[in-house]
Amino acid sequence: MLRILQVASLSGDVQVVAWSGDTPRVVNGVSSTYELAQKAIAAGLSLAQQIEALGLGDEVDLDVAAQSGRLGLPVSHPDPAHFIVAGTGLTHLGSADGRDKMHKAAQSEEKPTDSMRMFLMGVEGGKPKDGEVGAQPEWFYKGNGTQLRATGEDLVSPSFALDGGEEPELAAIYLIGPDGTPFRLGFCLSNEFSDHVTEKGNYLWLAHSKLRQAALGPELLVGELPDHVEGTSRIRRGDEVIFEKPFLSGEANMSHSIANLEYHNFKYDLFRQPGDLHVHFFGTATLSVSHGIKTEAGDVFEIDAAPFKLPLVNRLAVAAETTVAIKAL
């Protein structure tokens, strides 16, 4: 499998690294994954073909790079405002359980919650036949590229947040070509960090609860995603592991096909603006908050899953309180 990474050199310059065998090497002639993808689109080549055309240079020791904090996001945009961060929820088999319990507390009648109804729509119509349009998933917006954090960086919860909880899942990265075509660059591990206590207070606060930072693993896995992906999500508090559970992804464990989720995101003209990057989170069924875990500043989130070789590790921090003053012009 071809993996693409962005790694800072000892001098601080960004290097694009290709890793398809035992030895990761620098890709010649490009200074970002974004530039590499643009060249591939312009030449009508795949990412693998474009890398072959450019050639490979020096070896890179990823263990040393990780220890020295030089593993970056797998892709970045020169203008982070043009990197759209969004996702879909209730997409995985079993993903409705925690959300359903959360929202039943907010309604008095014994009837299916909106979460359960949305989940069942996906089970019944989330994997349409070729040429057909499937059920719409739940969709949410998280912000732009300024919200994204690399492995080793802190995930900072706002001072007003009621919770800072992990969401271990897979995400895909897309670049919009000159004619508006979305090109999927690959898949990465992710932590779609959210405020589940705010969401629990009222389902209509879901939009607020999602406006948080998120972390992306260092590897961009190029090509098709395996049908079954199994990993582990854990939380460390000091020397103690306070939470550790498996999480599943891949279409064999999903109520929607990836193609259906992609269609319902990119059917909007707004999301097909040439040159824009997108990261799309595909959802999860594993949440520590569903097991009674209340995270604290200093907790460390660890997410790993085959076929990815490198983990995603981030520490929880809480921002200092700030005052926002509105001025009339």
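See above for the structure.
Calculation criteria
- Within every chain, residues take consecutive numbers counted from 1 along the sequence as written.
- Owing to the predicted nature of the model, reporting of local features is limited to residues with pLDDT of at least 70; listing and counting of side-chain atom pairs is limited to 80 or more, with chain, interface and lining totals taken over all residues.
- Hydrogens and water are ignored here; the side-chain numbers use all heavy atoms of the structure.
- Each Phe, Tyr or Trp ring, with Trp reduced to its six-membered ring, pairs with another whose centre is within 6.5 Å; inter-plane angles below 30 degrees give stacked pairs, above 60 give edge-to-face pairs, and intermediate values give tilted ones.
- What counts as a helix is a DSSP run of H or I of at least four residues, what counts as a strand is a run of E of at least two, and both are numbered from the N terminus.
- Classification of residues uses two cut-offs on accessible area relative to the type maximum, computed with a 1.4 Å probe and protein chains only: under 20% is buried, over 50% is exposed, and between them is partly exposed.
- Placement of a positive charge over a ring is assigned whenever Lys NZ or Arg CZ falls within 6 Å of the ring centre and within 35 degrees of the normal to the ring plane.
- To be clear, the arc concerns the directions from the helix axis to the C-beta atoms.
- Here a salt bridge means any side-chain nitrogen of Lys or Arg lying within 4 Å of a carboxyl oxygen belonging to Asp or Glu.

Asker: How do you make sense of the packing of aromatic side chains when you look at a structure like this?
Answerer: For any pair of aromatic rings, the description rests on two quantities: the centre-to-centre distance and the angle between the ring planes. Enumeration over the complete set of coordinates arrives at 5 aromatic pairs. A ring pair is formed by F193 and F301, whose centres lie 6.2 Å apart and whose planes are at 55 degrees; its orientation type is tilted. Here F193, found in the loop between β10 (182-191) and α6 (196-201), pairs with F301, found in strand β16 (residues 300-306); they are 108 residues apart in sequence, far enough to count as distant. Of the two residues examined, F193 and F301, each falls in the buried class. The interplanar angle of 80 degrees and the centroid separation of 6.3 Å between the aromatic rings of Y268 and F271 together place this pair among those described as edge-to-face. Y268 gets classed as partly exposed once you look at its relative accessible area, which sits at 42%. Overall, F271 belongs to the buried group, its relative accessible area being 11%. Cluster of aromatic residues (ring-pair linked, three or more members): W139, Y268 and F271. Here R3 stacks its cationic end above the ring of W19, 5.8 Å away from the centre of that ring.

Asker: Can you walk me through helix α1 (residues 33-43) in this structure?
Answerer: For an α-helix the count is 3.6 residues per turn, leaving residues at separations of three or four pointing the same way. Listed as buried for α1 are T33, Y34, L36, A37, A40 and I41. Projected onto a plane normal to the axis of α1, the buried residues spread over an arc of 160 degrees and lie on a single side. Positive backbone phi, approximately 70 degrees, marks G44, located one or two places after α1.

Asker: Can you help me understand the environment of D114 in this one?
Answerer: As for its placement among the helices and strands, D114 is situated in helix α5 (residues 114-125). Separated by 89 residues in the primary sequence, D114 and Y203 place their C-alpha atoms 8.8 Å from one another.

Asker: Would you take a moment to explain the pattern of salt bridges for this structure?
Answerer: Scanning the model with the defined rule gives 16 salt bridges in all. With a closest N to O distance of 3.2 Å, K210 and E167 form a salt bridge. Taken together, the positions of K210 in helix α7 (residues 206-210) and E167 in the loop between β8 (154-157) and β9 (168-176) put the pair 43 residues apart, joining distant regions of the chain. Neither K210 nor E167 differs from the other in exposure class; each is buried. Measuring nitrogen to oxygen at the nearest pair gives 3.0 Å for the salt bridge that ties E244 to R234. Of this pair, E244 sits in strand β14 (residues 240-249) while R234 sits in strand β13 (residues 229-237), and the two are 10 residues apart along the sequence. With relative accessibility at 45%, the residue E244 sits in the partly exposed group. What makes R234 buried here is its relative accessible area of 13%. Counted as one network, the salt bridges with shared partners bring together R234, R236, E244, E302 and D304.

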